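Close look at the chain arrangement
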Amino acid sequence: MESSIYDINTAKEEQKIWALLQDVKDPEVPVLSVVDLGIVRSVSIDEKINIVITPTYSGCPAMDVISMDIRLKLLEKGYKNINVQQSLSPAWTTDWMTEEGKQKLKAYGIAPPNPKQQFCTTDMFAEEAVQCPRCGSHHTKLISQFGSTACKSMYQCQECKEAFDYFKCH
Ligand SMILES: [Zn+2]
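Reference entry: report on the structure contained in this document. Model, not experiment: these values are computed from the prediction.

Basis of the calculations
Residues numbered from 1 in each chain as written. Predicted model: local features only at pLDDT ≥ 70, side-chain atom pairs only at ≥ 80, totals over all residues. Heavy atoms only, no water. Helix = DSSP H or I, 4+ residues; strand = E, 2+ residues; numbered from the N terminus. Contact = heavy atoms within 4.5 Å. 1 Å grid on protein atoms, 1.4 Å probe; cavity = no way out; pocket = protein on both sides within 12 Å on 5 of 7 lines; lining within 4 Å. Points joined across faces, edges and corners; volume = space filled by probe spheres on them. Nonpolar A, V, L, I, M, F, W, Y, C, P; charged D, E, K, R; others polar. Buried < 20%, exposed > 50% of the residue type's maximum accessible area, 1.4 Å probe, protein only. Arc of directions from axis to C-beta. Donors = N, O, S within 2.8 Å, 3.2 Å for Na, K, Ca; no water. Tetrahedral: all angles 85-135°; square planar, octahedral: opposite > 155°, others 65-115°. Phe/Tyr/Trp six-rings, centres within 6.5 Å; stacked < 30°, edge-to-face > 60°. Lys NZ or Arg CZ within 6 Å of the ring centre and 35° of its normal.

**Quick notes on the environment of C60**
For C60, the location among the structural elements is in the loop between β2 (49–53) and α2 (63–76). Taking the C-alpha atoms as reference points, C60 and C151, 91 residues apart in sequence, are found 6.9 Å from one another. Leaving out residues up to four positions away in the same chain, C60 has contacts with E28, P55 and C151.

Written as structure tokens, this is what we have:
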């Protein structure tokens, strides 16, 4: 059992793992995979399978769940020696989200993170124009810094009155 299946074609195995990670959903937004979100930073194989993940904001409580889900998914497929590490630097940015991920988020009724927002502070955050996922209006108002979970804040559209979650940058 010593010779692993991994070294036959490492690159191919890494690709397979990326594909499996598409099935690992974010516990807060179940339509998004951890790959869509861009929190999986790297997959590499040596003696172990090394997966590096970066939380969407530091202290995100979902990260332990995500680490475990990744591990379980790979164990289920027969992989062993799985090493999931969290990396806090560089910090996650909305640029790491895939276009597909942003579209899925919108379809799910959550406003995707504003791509222009590179350095967000709480103050700037409150003034930022968030687009309503229902009617597309930018005439929206921050209701609460905390939405249904700590990773989201809550907005209300002034046009259609829809209340919706906005995915925080970190
Ligand atoms: Zn609206």
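**Regarding empty space enclosed by the protein**
Summed over all chains, the structure comprises one cavity of 30 Å³ or more. Considering only enclosed or pocket space, the largest cavity measures out at about 50 Å³ in volume. Every residue lining the largest cavity is listed: D26, E28, L37, I39, T56, C60, A62, M63, I66, C151 and F167. When grouped by side-chain class, the residues that make up the lining of the largest cavity number eight nonpolar, one polar and two charged.

**Section: helix α3 (residues 99–107)**
Among all positions of α3, only G101, K102 and L105 are buried. What you see down the axis of α3 is that its buried residues fit within an arc of 100°, all on one side. Projecting away from the buried face of α3 at angles above 90 degrees are the exposed residues E99 and A107. Looking at the residues trailing α3, positive phi occurs at G109, about 95°.

**Describing the coordination of the zinc ion**
Each protein donor to the zinc ion is listed here as C132 (SG), C135 (SG), C157 (SG) and C160 (SG); together their distances run 2.3 to 2.4 Å. Taken together, the four donor atoms coordinating the zinc ion span angles of 106 to 116° at the metal, a pattern that classifies the geometry as tetrahedral. Positions of the donor residues of the zinc ion along the chain correspond to the pattern C-x2-C-x21-C-x2-C. Judged by its relative accessible area of 1%, C132 is buried. For C135, a relative accessible area of 41% translates into the label partly exposed.

**Describing the packing of aromatic side chains**
Tallied over the full model, the rule gives three aromatic pairs. Ring centres 6.4 Å apart and planes at 65° place the aromatic pair W92 and F167 in the edge-to-face group. With W92 in the loop between β3 (82–86) and α3 and F167 in strand β7 (residues 163–167), the pair connects residues that are 75 residues apart, well separated along the chain. Here Y155 and Y166 contribute two aromatic rings whose centre-to-centre distance is 5.7 Å and whose plane-to-plane angle is 65°, an arrangement assigned as edge-to-face. With Y155 in strand β6 (residues 152–157) and Y166 in strand β7, the pair connects residues that are 11 residues apart, well separated along the chain. The same class applies to Y155 as to Y166, namely buried. Each residue in the set Y155, F164 and Y166 is aromatic and connected to the rest through ring pairs, giving one cluster. The positively charged end of R41 is found above the aromatic ring belonging to W96, 3.4 Å away from the centroid.

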